Amino acid sequence: MRNLNQDNITQAVIASFANTTDPRLKQIMTSLVQHLHAFAREVKLTEEEWFQGIEFLTRTGHITNDKRQEFILLSDTLGLSTLTVAMNNDKPAGCTEATVFGPFHVKGAPHYELGADIANGAKGTLCRVRGQVRGINGEPVPGAQLDVWQSDEDGLYDVQHEGLEQAQARGILTADSEGRYHFRSIVAVPYAIPHDGPVGAMLEATGRHPWRPAHLHFMVTAPGYETLITHVFRDHSDYLDSDAVFGVRQSLVCDWVQQPDGSYQMEYDFVLNPAK
Ligand code: BEZ
Ligand code: FE
């Protein structure tokens, strides 16, 4: 362990994990060190750059609190969230695809009756949303629970409005005996992910924008089925081809149809995978 150099430091660190009792932790730590060292070698990391990286992660930690999760934003904007979702949600053809969770879900959102207005005062144009939850064999999923959340006309989630206590444009609905659901809300619009922190600085420095295409978030749960965490995207929205967090799947894009009175209607069916 003395006089370690650039040729043997990696093996020395890996050997230091020899007594790790959890085999999965040992595998992860070993691989992490291998890849981290390989990265530093490949780019010939300077001491100044290494320190900039430390400062970046320090700022990422400092700006994170119970309302702002900069590490999730970092994972999302580097595609790590989409990679992890894709690797862990390999479903049979026909099932609704999953996509990133994002940082704006709130546990314990209000429960609403079918048909209710979940906007609850959020600013925006009326949008009626409906559809059915089914299983892979076409069977309806009665009583499926749909946890829905979205931003308002200004591109902000309720939790981003300073001092707003009540839930807006989020809620939980229970599908009927045929798995059908419907509710009223507002039309989602494209919005910029929080970019006044280190992740925003990274996006700017790399010539990227912080925008996401218009979407509604859904978490669909039902006994006997895998939980589905996904979005429904609005067709023709800006940024469908350059989502800052790489979350778009073509199968999740649907037409939100404008009505003669200016309001919108969106219909989307979810197909759940049976639980293993
Ligand atoms: C969202 O859609 O709410 C979201 C996802 C990833 C990063 C930021 C926001
Ligand atoms: Fe979102």
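Per an unreviewed UniProt entry, the chain goes by the name Hydroxyquinol 1,2-dioxygenase and belongs to Malikia spinosa. Quoted verbatim from the Sequence similarities (unreviewed entry) field of the UniProt record, the comment on the chain reads "Belongs to the intradiol ring-cleavage dioxygenase family." Under Cofactor (unreviewed entry), UniProt gives the following word-for-word description of the chain: "Fe(3+)".

Enquirer: Requested: an account of the side chain of Thr230, with residues and values cited.
Expert: With respect to the element layout, Thr230 can be found in strand S9 (residues 228–234). Of note is the side chain of Thr230, whose polar atom sits 2.7 Å from the backbone oxygen of Glu97. Those residues in contact with Thr230 that sit more than four places away from it in its chain are Thr96, Glu97, Ala98, Thr99, Leu216, His217, Phe218, Leu252 and Phe270.

Enquirer: Give a description of the packing of aromatic side chains that names residues and reports values.
Expert: Here the structure, examined in full by the defined rule, presents eleven aromatic pairs. Aromatic side chains Tyr181 and Phe270 sit 6.0 Å apart centroid to centroid with 35 degrees between the ring planes, which places their arrangement in the tilted category. Of this pair, Tyr181 sits in strand S5 (residues 180–186) while Phe270 is found in strand S13 (residues 270–272), placing the two residues 89 residues apart along the sequence. Overall, Tyr181 belongs to the buried group, its relative accessible area being 1%. With a relative accessible area of 0%, Phe270 lands in the buried category. With centroids separated by 4.7 Å and ring planes inclined at 55 degrees, the aromatic side chains of Phe218 and Phe270 adopt a geometry described as tilted. Of this pair, Phe218 sits in strand S8 (residues 215–221) while Phe270 is found in strand S13, placing the two residues 52 residues apart along the sequence. By way of ring pairs, the aromatic residues Tyr181, Phe183, Phe218, Tyr268 and Phe270 are connected into one cluster. Its end group placed over the ring of Tyr264, Arg234 keeps NZ or CZ at 4.9 Å from the ring centre.

Enquirer: Tell me about the domain arrangement of the chain, and please be specific about residues and values.
Expert: Taken domain by domain, the chain comprises domain 1 (9–45) and domain 2 (71–272). For domain 1 and domain 2, the distance between their C-alpha centroids amounts to 37 Å.

Enquirer: Describe the side chain of Ser81, and please don't skip the residues or the numbers.
Expert: Examined against the element boundaries, Ser81 turns out to sit in helix H5 (residues 80–88). Relative accessible area serves as the criterion here: at 13%, Ser81 is assigned to the buried category. Once you skip the residues sitting within four places of it in the chain, Ser81 turns out to touch Ile72, Ser75, Asp76 and Val100.

How each quantity is defined
Every chain is numbered independently, its residues counted from 1 as its sequence is written. Labels are handed out in written order, letters beginning with A for the chains and numbers beginning with 1 for the ligands. With the structure being a predicted model, the display of local features is reserved for residues of pLDDT at least 70 and the display and counting of side-chain atom pairs for 80 or more, all residues being used for whole-chain, interface and lining totals. Side-chain numbers come from the whole structure's heavy atoms, not from hydrogens or water. UniProt positions are given in the numbering used here, feature names are shortened, and annotations may be inferred rather than shown by experiment. A run of DSSP states H or I qualifies as a helix once it reaches four residues; a run of E qualifies as a strand once it reaches two. Both are numbered from the N-terminal end. Two N or O atoms count as a polar contact when they lie within 3.5 Å, although within protein this holds only if one can serve as hydrogen donor and the other as acceptor, and sequence-adjacent residues are included solely when both atoms are side-chain atoms. By definition in these notes, contact holds between two residues if any of their heavy atoms fall within 4.5 Å. The criterion for an aromatic pair is that two Phe, Tyr or Trp rings (for Trp, the six-membered ring) have centres within 6.5 Å, with stacked assigned to planes under 30 degrees apart, edge-to-face to planes over 60 apart and tilted to the rest. Relative accessibility decides the category of a residue: with a 1.4 Å probe and only protein chains considered, values under 20% of the type maximum give buried, values over 50% give exposed, and everything between is partly exposed. Placement of a positive charge over a ring is assigned whenever Lys NZ or Arg CZ falls within 6 Å of the ring centre and within 35 degrees of the normal to the ring plane. For the domain bounds, the source is a domain assignment made automatically or taken from a database.

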